Amino acid sequence: MTPWMALCIVVPLGGAAVSLALHGRLLAQRVIGVAAVATTVALALAVLVQVDHDGRISADLGGWPVPIGITLVADRLSALMLVIGTVMLFAVLVYALGQRAQDERSPWYVPVYLVLTAGVCQAFLAGDLFNLFVSFEVLLMSSYVLVTLEGNDRQIRAGITYVVINVIESTLLLLAVALVFAATGTLNLAELPRRLAELPAGVALGLNLLLLLAFGLKAAVFPLFSWLPDSYPAAPSPVTAVFAGLLTKVGVYAIIRTQTQLFPGELRTLLMVVAGLTMVVGVLGAIAQSDMKRILSFHIVSQIGYMVMGLAIGGVAAIAATIFFVLHQIPTKTSLFLVEGIVERETGTSSTTGGAAGMARRSGPLALLFLLPALSLAGIPPLSGFVGKVALVESGFARDAWVVTAVALGVSLLTLVSMVKIWSGVFWGDVPGRTAATDGTLGTDAAEGRDDRDGERPVAGVLRRHPLMSAVTGGVVALTLAIALLAGPVYRYCERAARQLAVPAGQVGGPAAGEARGENP
Amino acid sequence: MIPLLLLHLLAAAACLLPGTRAGRRTFAVAAVPPAATFLWLLTVAGGVLDGTPLVADLTWVPQLGLTLQFRMDGFGLLMGLLVSGIGTLVMAYSLSYFRPHGDHPPRDDRAPDETARLAGLLVAFAGAMLGLVLSDGFFTLFLFWELTSVTSYLLIGIDDRAAAARAAAQRAFLVTGAGGLALLGGLVLLGQRSGTTTLSGLVADPPSGTLVTVALVLVLTGAFAKSAQFPLHFWLPGAMAAPTPVSAYLHSATMVKAGIVLVARLAPVFADVGPWRALVVVCGGASLLVGGARALREQDAKLALAHGTVSQLGLIMILVGLGTPATTYAGVAVLTAHALFKASLFLTIGVVDHEAGTRDLRRLRGLGRRLPVLAAVGLTAGASMAAIPPTLGFVAKESGIAALEDTGIGMLGPAALVLVVVGSVLTVAYTLRTVGGLFGRDVPAGDDGPAPIDPAAVHRPSVAFVAAPALLAALSLAGGLAAAPVGAWLAEVAGSLTPAAAEGYLTLWPGLHLALGLSAAAWVLGAALAEVVRRRERGDEPAPTVAIRAYAAGYDGLLRGSRRLTAVTQSGSLPAYLTVVLTTLVIALGAAWLRGTGPVDDVPWAESWLQVLAAVVTGGLALAMVRARRRFTAALLLGGSGYGLALVFLLHGAPDLAITQFLIDTLSIVLFLLVMARLPDRFRAPPSWVPDGLRLGLAVLVGVAVAGFSLAASAARSEPSVGDEYVLRSEPEAGGRNVVNVTIVDFRGFDTLGEITVLGVAAVGVVNLVTAARRRQRRDGATGPGTGDGDDGGRTDAGAPTAAEGAS
């Protein structure tokens, strides 16, 4: 029993309450926000250490034993997700504070962001299907508020798509949870595998598909992805960064959890098809765009396909590859959006057809901060994306999944095509005569930029003008490099996590559950 | 080996440090790692050639076979010497090449930090290329292979303000990148079939089978793309957008040899497998002819040489790819000769370009007289290219022709011989045209062409500038004059590829054999062809090649196809997205039904007529709502349907639930009506191609499917529900008689905390939107849309019953 792991949820939630009470005092709110998320990161790391030592830890909330009360459970997968998730949330929070834009000055930003943090943590720790649903509600509701924080027309229009689709997702998830409960009489993830196995094949399949549908909608897999590229680019960049990096992966996490533990290996063919189509349609969508933010948004979809592919291939090796891929993808995708945020902040646009051209000329370091994660996304060695790709390809070939593996290789070329498009259009080329910024928020920066153009020398000051944003972006890119450099031990951890997922039955009479039962007479 | 690679990385980082103002002087830093490598290689050469390869390992991700494994044998030594030696010379040359001019601006005049960037990338490339030629592990090879592609991409696009340079860089990167993926697939397959992760292990114990054949074809594809072999050759001429030192180093002497290095290592063992030899002869032969023919038409001397490189690479590919000991040996010799003379020629053209301000063959005249030393250098290197004695090019090609005379591999041998001889004719012709055009003419080539240069205005290059090409040309000559010892040394090198190749030799006077006759025929016919071409010269720029146009069409097609597909998937219409989601739901539940959902005994249709009435009202209003055309009507009908549901709850004996439902529906209607004021009166009509009944049909299907599956799921339970436990424990343990209350606040209190949070955040969202609209109104007087409120209102409506239902 490790009740303190509930603090991962309680601390950000408490922080949200306190910062809400400090309405109107921006500085105090920010201090609370940063402190709360930093504490959560520390807690997450503690969970990771504990879990890797003990295998699996749990906490029965309210002192009610399984299956009466709600259980929080952390295994190696959830601990890993918890750490990478909170680290990203921390990075993006600091980045957003450095952005000094309209929406981050909102008195609601910090409280809602902290609730989002709590929701994400809860989703990774939920040991109970209904609690998982509640955590989705928490993180979704805060995400609704965050996408429309500025409240302008464009955001609200895109926000409607986002909100309506996610409300449908919640409804489907609720339906699935309710029917799982109706059919099995329990919601505890540890008890479900045994009871689900006793159900008639059709009922089990239907429940499986319902859960997959709900989580797949959140994760934006084919054919349920269309809402994502329509709504993400409209959100403010730091918000998009955390949505892109993290929220879709919460859906992926839930899919991994249900597909490996509740219904192991039942939908392999379906998942294989879904994976292939998600990859292809996503990447073709990216190629069709001529805006950095939109290209990156489509890549979220495409890369989800790789994760589903690993799941579809199945087996410990492929699941380990999937976990590694998710781990690589979260900071990589986040950092790309963070770079995009700086580009947009600096030029007022993220178009690849002019407006933002010549960024490499204006800031070599920024170009490097884009190039590294971009090449990683395309799977160029020795970056983390390459390790993930090789792991997936090796497991695919080893299990004779020829078609989907070949598709995955082809898609990584198309990924390269679109990354080259961004590089060519945004980082290469002549710095255009700078026009006045499109909205008032850019005022002072645009004035500074004008001197630099006259000097005909490259601007070293882009990063210096946005020190906090740059530092955070650099930090996240450094994290992706660290994942690549330490890929050996990291991958070993992923293998341990995958092996743990491969024995769903072990959870039932496992030490955690047994211990819990014994403790509460 | 690993410290040397790190040294390259370090030097690259030093050159690329932001704010470097050192300009071209950074090339002095960049020259250090290759020079150090060259010297180190010389010290270890003896031991390596005696048959004890140097090995180094560095573990990375051992579970995936990702380990850095290096192994330097004789061939690796030769390639390492070429890479580091030519690298050092190119860096030294660049110091002069990027020197700004006194009176007229040279072609490559760039800001200091750009020059520094170039130096940094060039030394990074040198490191990557060194790693490539020394790698033994599959992934080690692939890692450096891709790194050379990336650095090549950045170097070709170094003049990124020119759209042509960007396009050429992209083309080169994507073609080699595609080849890289084929290679990766092939290597993974080979690794899994052979159980080894090193080239040396693979060659020592070669696997076989269909998959191995597929893997080898994939590997060949990667090698062809990298070494610019037909039909993937077209990126190479475009790469000439890079500054000349880059072209000399990457795109003639080293990087384009990467594919050949890989083929050379595999061919002795795998040449017999499946289509290997046929592919090598067809693709290599086509490159040989296509490149040679095109080289005869280009007006830009550098471009002509680039097409010549495609042609020469085809020749080398045939020789090493056939994989017999004699051809392997000849291939190694030609490869060495080519690296020396082609780098020399490129650097020579760079000098001409720098001093005369152009490299257009139509404009150049009188340079032979004005720059005699440089002309001698160019002619020597050219002689080696055209295989004219007494150069290394000649002796190497002689050995190649001799090796092809009797290969013992059936009809492919003679076919290859014919291709090589025809290619040699073309080579002689384009060499005469290019080198002759650079130095030989005193009068301009055409009357109506671009204005010729004034030879007197051409600068004389410094000694340091000419040193690098001169040294390389001298080596080309010395290699021919000292054919026997050089040949013996190369035999030791080639022996590491296949032991029998160690018997190869080079000789300046082969005797009156067929090989010499064929060479002589090539000189004569080549000279004649050059004369024919000269007379028919129209002096115009040739049109883009077919391959370039095909690539452009393919790329545009990809863009067009993507746009078309995306227009379908991203219609931007929320109803369309919802249709997809709901259809998927119906299909999913239909599939479950087909699988067999078990018996549903005694369906509890109804307990009273009141229930039936409530159900009919709820359902009927819902159906009517789907048909509604006006928002106002729809909102009212939806609310009515909700009241009907509240009635159902009430009749089931759940008054608390009924009250919750009733209150929330009332609140929703109020919110809807508030929002409605800002929205159009009617819904937007669906597009005309949508069938009329679609919406209704889908709604009914979803209803039926969900209801049916709910019945099936409820009927499937065989174990007791935890709900029974709640009832049992509620009073004795939790001290509450109302089990629903106890569940909400105690058993599952944490869920309730979450739902309260959801409601709180929803309230924040509404307040934020309202105040945001007010802020904006104050700011610009425009009416802000309040449409977001409705959605948030709708959201709470789904959230609250949730808590209740979960507890029931």
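Position numbers for residues count from 1 along each chain, tracking the sequence in the order it is written. Throughout, the order in which chains and ligands are written sets their labels, letters from A for the former and numbers from 1 for the latter. pLDDT decides what is reported in this predicted model: residues at 70 or higher carry local features, side-chain atom pairs at 80 or more are listed and counted, and totals for whole chains, interfaces and linings draw on all residues regardless. With hydrogens and water excluded, all non-hydrogen atoms of the structure serve as input to the side-chain values.

Draft legend 1. A look at the overall build of chain A. Helix and strand assignments follow DSSP, with helices taken as H or I runs no shorter than four residues and strands as E runs no shorter than two, numbered in order from the N terminus. Along the backbone of chain A there are 22 helices and two strands. Residues counted as buried form 72% of the 521 residues belonging to chain A. If you sum the accessible surface of chain A, you get close to 13,600 Å²; carbon and sulfur atoms cover 65% of it. Residue exposure (1.4 Å probe, protein chains only): buried if accessible area is under 20% of the type maximum, exposed if over 50%, otherwise partly exposed. Shrake-Rupley sampling with a 1.4 Å probe provides the accessible areas, and residues are treated as covered by the protein chains on show and by no other component.

Draft legend 2. Examining the overall build of chain B more closely. When you go through chain B residue by residue, the secondary structure sums to 31 helices and two strands. Rg of the C-alpha trace for chain B: 38 Å, well past the compact-globule value of 28 Å for 808 residues, more than 25% over. Taking all contacts inside chain B whose residues are at least 6 apart in sequence as the whole, residues at least 24 apart take part in 80%. As presented, chain B carries roughly 32,300 Å² of accessible surface, and 67% of it is formed by carbon and sulfur atoms. Positive charges come from Lys and Arg alone, negative charges from Asp and Glu alone, with His and the N- and C-terminal ends not counted. Think of each charge as sitting on NZ of Lys, CZ of Arg, CG of Asp or CD of Glu. Taken together, the 57 basic and 54 acidic charged side chains of chain B have centroids lying 10 Å from each other. Radius of gyration here uses only the C-alpha atoms, and the compact-globule reference equals 2.2 Å multiplied by the residue count raised to the power 0.38. What makes two residues a contact is simply this: any of their non-hydrogen atoms within 4.5 Å.

Draft legend 3. How the structure looks around a positive patch on the surface. Residues and elements named next belong to chain B. Where like charges cluster on the molecular surface, the positive patch consists of Arg627, Arg629, Arg682 and Arg695. Inspection of the secondary structure puts arginine 682 in the loop between helix H26 (655–676) and helix H27 (694–715). The exposure class assigned to arginine 682 is partly exposed, which follows from its relative accessible area of 48%. Patch definition: residues with relative accessible area over 30% and no salt bridge; like charges joined within 9 Å; nonpolar side chains (Val, Leu, Ile, Met, Phe, Trp, Tyr) joined within 5 Å. Salt bridges are identified by distance alone: a Lys or Arg side-chain nitrogen within 4 Å of an Asp or Glu carboxyl oxygen.

Draft legend 4. Molecular detail of the pairing of strand E1 (residues 57–60) of chain A. All names here are of chain A. Both faces of E1 are covered, namely the face carrying Ile57 and Ala59 and the face carrying Ser58 and Asp60. Two strands pair if DSSP finds at least two bridges between them. Pairing analysis gives four bridges linking E1 to strand E2 (residues 71–74), with the strands arranged antiparallel. Residue pairing for E2: isoleucine 57 is matched across the bridge by alanine 74.

Draft legend 5. Layout of a nonpolar patch on the surface. Residues and elements named next belong to chain B. Taken together, the side chains of Leu610, Leu613, Val617, Leu647, Leu650 and Leu651 make up a nonpolar region of the molecular surface, amounting to roughly 490 Å² of accessible area. Of all the elements in the fold, those that place two or more residues in the nonpolar patch are helix H24 (609–627) and helix H25 (631–651). Along the chain, the position of leucine 651 falls in helix H25. Classification of leucine 651 as partly exposed rests on a relative accessible area of 30%.

Draft legend 6. Focus on the pairing of strand E2 (residues 66–72) of chain B. All names here are of chain B. Counting buried residues along E2, six of its seven residues qualify, which places the element largely inside the surrounding structure. Pairing analysis gives seven bridges linking strand E1 (residues 54–61) to E2, with the strands arranged antiparallel. By the bridge assignment, aspartate 57 is partnered in E2 with glutamine 69. Taking the residues that link successive antiparallel strands as the turn, the E1-E2 hairpin has four residues, and the phi of glycine 65 there is positive, at about 75 degrees.

Draft legend 7. Geometry of the confidence of the model for chain B. Residues and elements named next belong to chain B. Averaged over all residues, the pLDDT of chain B equals 88, while 94% of them reach at least 70. Confidence of the predictor at the level of single residues is given by pLDDT, which spans 0 to 100. Low pLDDT, under 50, characterises residues 782–808; the stretch is placed with 52 contacts to residues that sit more than four places away or in other chains. Scored as a complex, the prediction yields pTM 0.91 and ipTM 0.90.

Draft legend 8. Molecular detail of helix H15 (residues 364–377) of chain A. Residues and elements named next belong to chain A. To estimate the expected span of a helix, count its residues, drop one, and scale the result by 1.5 Å. If you check H15, its first and last C-alpha atoms are 20 Å apart, about what 14 residues at 1.5 Å a residue would give, namely 20 Å. Counting buried positions along H15 yields 10 of 14 residues, so the element is predominantly enclosed. For H15, the set of buried residues is Leu366, Ala367, Leu369, Phe370, Leu371, Pro373, Ala374, Leu375, Ser376 and Leu377. In the stretch just after H15, glycine 379 is the one whose phi turns positive, near 75 degrees.

Draft legend 9. Up close: the packing of aromatic side chains. Stacked, tilted and edge-to-face pairs are distinguished by plane angle, under 30 degrees for stacked and over 60 for edge-to-face with tilted covering the rest, among Phe, Tyr and Trp rings (Trp via its six-membered ring) whose centres lie within 6.5 Å. Under the defined criterion, the tally for this structure stands at 36 aromatic pairs over all chains. The interplanar angle of 40 degrees and the centroid separation of 5.6 Å between the aromatic rings of phenylalanine 130 of chain A and phenylalanine 133 of chain A together place this pair among those described as tilted. Of this pair, phenylalanine 130 of chain A and phenylalanine 133 of chain A both sit in helix H5 (residues 129–147), separated by three residues, roughly a single helical turn. Measuring from centroid to centroid gives 5.3 Å for phenylalanine 397 of chain A and tryptophan 402 of chain A, while their planes differ by 40 degrees, and the two rings are tilted. Aromatic rings pair up to connect Phe370, Trp423, Phe427 and Trp428 of chain A together with Tyr153 and Phe173 of chain B into one cluster.

Draft legend 10. Here's a closer look at the nonpolar core. Core analysis: the biggest nonpolar cluster contains 436 residues, and Tyr162, Leu207, Phe370 and Phe427 of chain A together with Phe75 and Trp276 of chain B have the highest contact counts within it. Excluding residues within four positions of it along the chain, phenylalanine 427 of chain A makes contact with Met292, Val339, Val343, Gly358, Met359, Ala360, Arg361, Leu366, Ala367, Phe370 and Ile422 of chain A together with Asp160 of chain B. Residue types Ala, Val, Leu, Ile, Met, Phe, Trp, Tyr and Cys, when buried and joined through side-chain atoms within 4.5 Å, form a set referred to as a nonpolar core.

Draft legend 11. Local environment of the confidence of the model for chain A. Mean pLDDT for chain A: 86, with 90% of residues reaching 70 or above. Long-range and interchain partners of residues 505–521 of chain A, a stretch whose pLDDT sits below 50, account for 19 contacts in this model, where long-range means more than four residues apart.

Draft legend 12. Main features of the interface of chain B and chain A. Taken together, the contact pairs 110 residues of chain B with 122 residues of chain A. Two parts placed together each lose some accessible area under a 1.4 Å probe, and adding up what both lose gives the buried area. The junction of chain B with chain A conceals about 10,000 Å² of combined surface from both sides, 70% of it contributed by carbon and sulfur atoms. There are six salt bridges connecting chain B and chain A. Ionic pairing is found between aspartate 160 of chain B and arginine 361 of chain A, a salt bridge with its closest N-O pair at 2.4 Å. Polar contact criterion, stated in full: a pair of N or O atoms within 3.5 Å, where within protein one must be able to donate a hydrogen and the other to accept it, and residues adjacent in sequence count only if both atoms are side-chain atoms. Where chain B touches chain A, the interface holds 24 residue pairs in polar contact (both at pLDDT 80 or more). Looking at which element gives the most residues to the side of chain B that touches chain A, the answer is helix H30 (residues 749–780) of chain B, with 18 residues.

Draft legend 13. Unusual backbone geometry, seen in detail. Omega for the bond connecting phenylalanine 222 of chain A with proline 223 of chain A falls within 30 degrees of zero, at 0 degrees, which places this linkage in the cis form. By secondary structure assignment, the location of proline 223 of chain A is in the loop between helix H8 (201–219) and helix H9 (227–231). A cis geometry characterises the amide bond from proline 381 of chain A onward to proline 382 of chain A, with omega recorded as 0 degrees. On the secondary structure map, proline 382 of chain A appears in the loop between H15 and helix H16 (384–398). The phi torsion at alanine 220 of chain A lies on the positive side, around 65 degrees, for a residue other than glycine. As for its position among the elements, alanine 220 of chain A is in the loop between H8 and H9. Of the residues examined, alanine 220 of chain A reaches a relative accessible area of 0% and is grouped as buried. Unlike most non-glycine residues, alanine 228 of chain B shows phi in positive territory, near 55 degrees. Within the fold, alanine 228 of chain B resides in the loop between helix H8 (210–226) and helix H9 (235–238).

Draft legend 14. Quick peek at the pattern of salt bridges. Residue and element names in this part refer to chain B. Evaluated as defined, the whole model comprises 26 salt bridges over all chains. Note that arginine 277 is salt-bridged to aspartate 272, the shortest N-O span being 2.7 Å. A salt bridge links arginine 630 to aspartate 681, with the shortest nitrogen-to-oxygen separation between them at 3.2 Å. Placement of the pair is arginine 630 in the loop between H24 and H25 and aspartate 681 in the loop between H26 and H27, with a sequence separation of 51 residues.

Draft legend 15. Inspection of the packing of helix H3 (residues 74–97) of chain B against helix H11 (residues 258–270) of chain B at higher detail. Residue and element names in this part refer to chain B. Only C-alpha atoms enter the line fits that serve as axes; for helices the fit covers just the stretch in contact. Angles between N-to-C directions range over 0 to 180 degrees. It is at 12 Å that the axes of H3 and H11 come closest, and there the two elements cross at 170 degrees. Regarding the angle of H3 to H11, the classification is roughly antiparallel. Of H11, the residues touching H3 (which contributes Phe75, Gly76 and Met79) are Val261, Ala264 and Arg265. Angular relationships are summarised with four words: roughly parallel below 35 degrees, roughly antiparallel beyond 145, roughly perpendicular across 65 to 115, and oblique for the angles in between.

Draft legend 16. Examining the packing of H8 of chain B against helix H12 (residues 276–295) of chain B more closely. All names here are of chain B. Here H8 crosses H12 at 20 degrees, and the two axes come no closer than 11 Å. Taken together, the axes of H8 and H12 are roughly parallel relative to one another. In the crossing of H8 with H12, the sense of the turn from one axis to the other is right-handed. Judged by residue contacts, Leu216, Val217, Leu220 and Phe224 of H8 engage Trp276, Leu279, Val280 and Cys283 from H12. Amino acids outside the nonpolar list (Ala, Val, Leu, Ile, Met, Phe, Trp, Tyr, Cys, Pro) and the charged list (Asp, Glu, Lys, Arg) are all regarded as polar, and Gly is one of them. In the contact of H8 with H12, the residues fall into eight nonpolar, no polar and no charged. Each crossing gets its handedness from the near helix: less than a right angle anticlockwise from the far helix is left-handed, clockwise is right-handed.

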